[in-house]
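Remarks on the overall topology
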Amino acid sequence: MSSGSSPIVSVPSVHELVKEKITEIPDRYIRDTSNLDHEYHDSDDSSAKNNIPVIDLESLLYGESDSANSELENLHSACQHWGFFQLVNHGISSLVIEKLKSEIRNLFELPLEEKKMIWQGPGNMEGFGQHFVVSDDQKLDWSDMFFITALPINMRKPQLFAGIPLLLREALEAYSLGIKNLTMSLLGKMAKALKMDSDEMEGLFNDCSQRMRINYYPPCPKSQQVLGLSPHSDAAALTIVLQLNETEGLQIRNDGKWVSVKAIPGALVVNIGDMIEILSNGAYPSIEHRVMVNPTIERLSIATFHSINSDAEFGPALSLIDPPRKPALFRTETVQKYYQNFFAQKLNGKANNLDFMRI
Ligand SMILES: O=C(O)CCC(=O)C(=O)O
Ligand SMILES: [Fe+2]
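Residues numbered from 1 in each chain as written. Chains lettered and ligands numbered in written order. Predicted model: local features only at pLDDT ≥ 70, side-chain atom pairs only at ≥ 80, totals over all residues. Heavy atoms only, no water.

**So, the coordination of the iron ion (ligand 2)**
- Distances from the iron ion (ligand 2) to its protein donors, His232 (NE2), Asp234 (OD) and His289 (NE2), fall within 2.1 to 2.2 Å.
- Expressed as a motif, the donor residue spacing for the iron ion (ligand 2) is H-x1-D-x54-H.
- Residue Asp234 is classed as buried on the basis of its relative accessible area of 5%. (Donors = N, O, S within 2.8 Å, 3.2 Å for Na, K, Ca; no water. Buried < 20%, exposed > 50% of the residue type's maximum accessible area, 1.4 Å probe, protein only.)

**Description of the layout of surface pockets**
- The space that makes up the largest pocket amounts to roughly 470 Å³.
- What lines the largest pocket is a set of 25 residues, among which Arg31, Leu227, Ser230, Pro231 and Leu347 lie closest to the centre.
- Of all the elements, strand S7 (residues 229-232) adds the most residues to the lining of the largest pocket, at three residues.
- When its residues are assigned to classes, the lining of the largest pocket shows nine nonpolar, seven polar and nine charged.
- The calculated volume of the second largest pocket comes to roughly 270 Å³.
- What lines the second largest pocket is a set of 18 residues, among which Gln243, Glu246, Ile264, Pro265 and Gly266 lie closest to the centre.
- Among the secondary structure elements, those contributing two or more residues to the lining of the second largest pocket are helix H4 (94-109) and strand S8 (238-243). (1 Å grid on protein atoms, 1.4 Å probe; cavity = no way out; pocket = protein on both sides within 12 Å on 5 of 7 lines; lining within 4 Å. Points joined across faces, edges and corners; volume = space filled by probe spheres on them. Helix = DSSP H or I, 4+ residues; strand = E, 2+ residues; numbered from the N terminus. Nonpolar A, V, L, I, M, F, W, Y, C, P; charged D, E, K, R; others polar.)

**Points about the UniProt feature "domain: Fe2OG dioxygenase" (unreviewed entry) in the chain**
- UniProt feature "domain: Fe2OG dioxygenase" (unreviewed entry): in the numbering of this structure it lies at residues 208-308.
- A distance of 5 Å separates the end C-alpha atoms of residues 208-308, which is 6% helix and 45% strand. (UniProt positions renumbered as here; feature names shortened; annotations may be inferred.)

**Here we look at the nonpolar core**
- Core analysis: the biggest nonpolar cluster contains 94 residues, and Phe85, Phe146, Tyr175, Leu186 and Ile302 have the highest contact counts within it.
- Not counting chain neighbours up to four residues away, the residues in contact with Tyr175 comprise Ile92, Val96, Leu100, Met212, Leu242, Leu268, Ile302 and Thr304.
- Core analysis: the second largest hydrophobic core is formed by 13 residues, Val9, Ile25, Trp142 and Cys220 among them. (Core = buried A, V, L, I, M, F, W, Y, C linked by side-chain atoms within 4.5 Å. Contact = heavy atoms within 4.5 Å.)

**Topic: the site of ligand 1**
- The environment of ligand 1 is formed by 14 residues, the closest being Tyr217, His232, His289, Arg299 and Ser301.
- Taking His289, its side chain carries an N or O atom lying 3.0 Å from an oxygen atom of ligand 1.
- Between Ser301 and ligand 1, the recorded distance is 2.6 Å, taken from a side-chain N or O atom to an oxygen atom.
- Protein coverage of the free-state accessible area of ligand 1, which is 300 Å², stands at 98%.
- Here ligand 1 occupies the largest cavity.
- When residues of the shell around ligand 1 are assigned to their parent elements, the largest contribution, four residues, is made by strand S13 (residues 299-307).
- Residues belonging to the shell around ligand 1 are distributed by class as follows: seven nonpolar, four polar and three charged. (Near = heavy atom within 4 Å. Polar contact = N/O pair within 3.5 Å; in protein donor to acceptor, adjacent residues only side chain to side chain. Areas by Shrake-Rupley, 256 points an atom, 1.4 Å probe, with all protein chains shown as cover. Sits in = over half its atoms within 2 Å of the grid points.)

**Examining the environment of Ile30**
- Of note, Ile30 is situated in the loop between helix H1 (14-19) and strand S1 (40-41).
- Between the C-alpha atom of Ile30 and that of Leu140, which follows or precedes it by 110 residues, the distance is 8.2 Å.
- Discounting chain neighbours no more than four positions away, the residues touching Ile30 are Ile25, Lys139, Lys222, Gln225 and Val226.

**Concerning the packing of helix H3 (residues 65-81) against helix H7 (residues 166-194)**
- At a minimum axis distance of 10 Å, the contact between H3 and H7 shows a crossing angle of 85°. When the interaxial angle is binned, H3 and H7 end up roughly perpendicular. Two secondary-structure elements touch here, H3 through Leu72, Leu75, His76 and Cys79 and H7 through Leu186, Lys189, Met190, Lys192, Ala193 and Leu194.
- Along the lines of polarity and charge, the residues of the contact of H3 with H7 split into seven nonpolar, one polar and two charged. (Axes fitted to C-alpha atoms, helices over the stretch in contact; angles between N-to-C directions. Parallel < 35°, antiparallel > 145°, perpendicular 65-115°, else oblique.)

Structure, rendered in structure tokens:
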């Protein structure tokens, strides 16, 4: 990703607005509620259709052949039909997760003067701030974020890393490594399920980038009229979301309706991004999702995005297309140009990024 050319319109910190105990929510955050479509299935509806699939990583990777095969089928079906699943027995230590939770809370509680030292700046998308704000009159999300490139190590911003409190840095390092290993295992299994050449997958991700978006959604007294995060699909290949507290909010678009994700305690939420939709030539579609805000309680999450090697070109996997019978549905593009396009626009559902690549 080239961050240098991406527009950044700086916006206020919502956390600071809330601390000021404002009585009126600024108009920039208030959505047209007729477009908001609050109707949604609840995922504790007992029918299987309304439940986001659960994948057991231990049985997928290390199970006896019967259980590993059946978990591979579950993975394939979850990726084809849901684009979202919860991952249990994922092997990331609960100690690391607990440390991360408390240190991230501390990060957002830092005094504003300290946060300003690690704030985004001209030509720099990393640190505290916001993405996808391209004009002064677009509606804003009711959230703050902290964005960081964790891998490969040579793409880190040393000054930003140095500015992160030491305990958080240690927790992030451990989490980053665990999530990278887990993502590579999942990508390997997806290649197998798709009958894609495993070397092709490996070659695209052997120097993959890992970026983290840490989201802080303050409570909002007009929670039904704002959005924590606008509807979007993720540009990356695979996203792993860890909810850092119990507050619900993530919703995914399934069959045209918004479905609330009820995070299983200790589980990770995995979702297919646009890069996998393109790479799989449409077999694993990315899914539109958004975040709602709670009226009284804050919500925190960390989304970890893995993307194809930054110096690569990508398009549908060669092993998955066979024209004229199976033509490529997307063109080939450099990862750099793909991300330039993504970060130059506001979040607007699923279309932007894929239309840029569609043939
Ligand atoms: O906060 C969440 O649960 C999801 C965040 C998300 O979709 C993102 O950061 O791309
Ligand atoms: Fe997302």
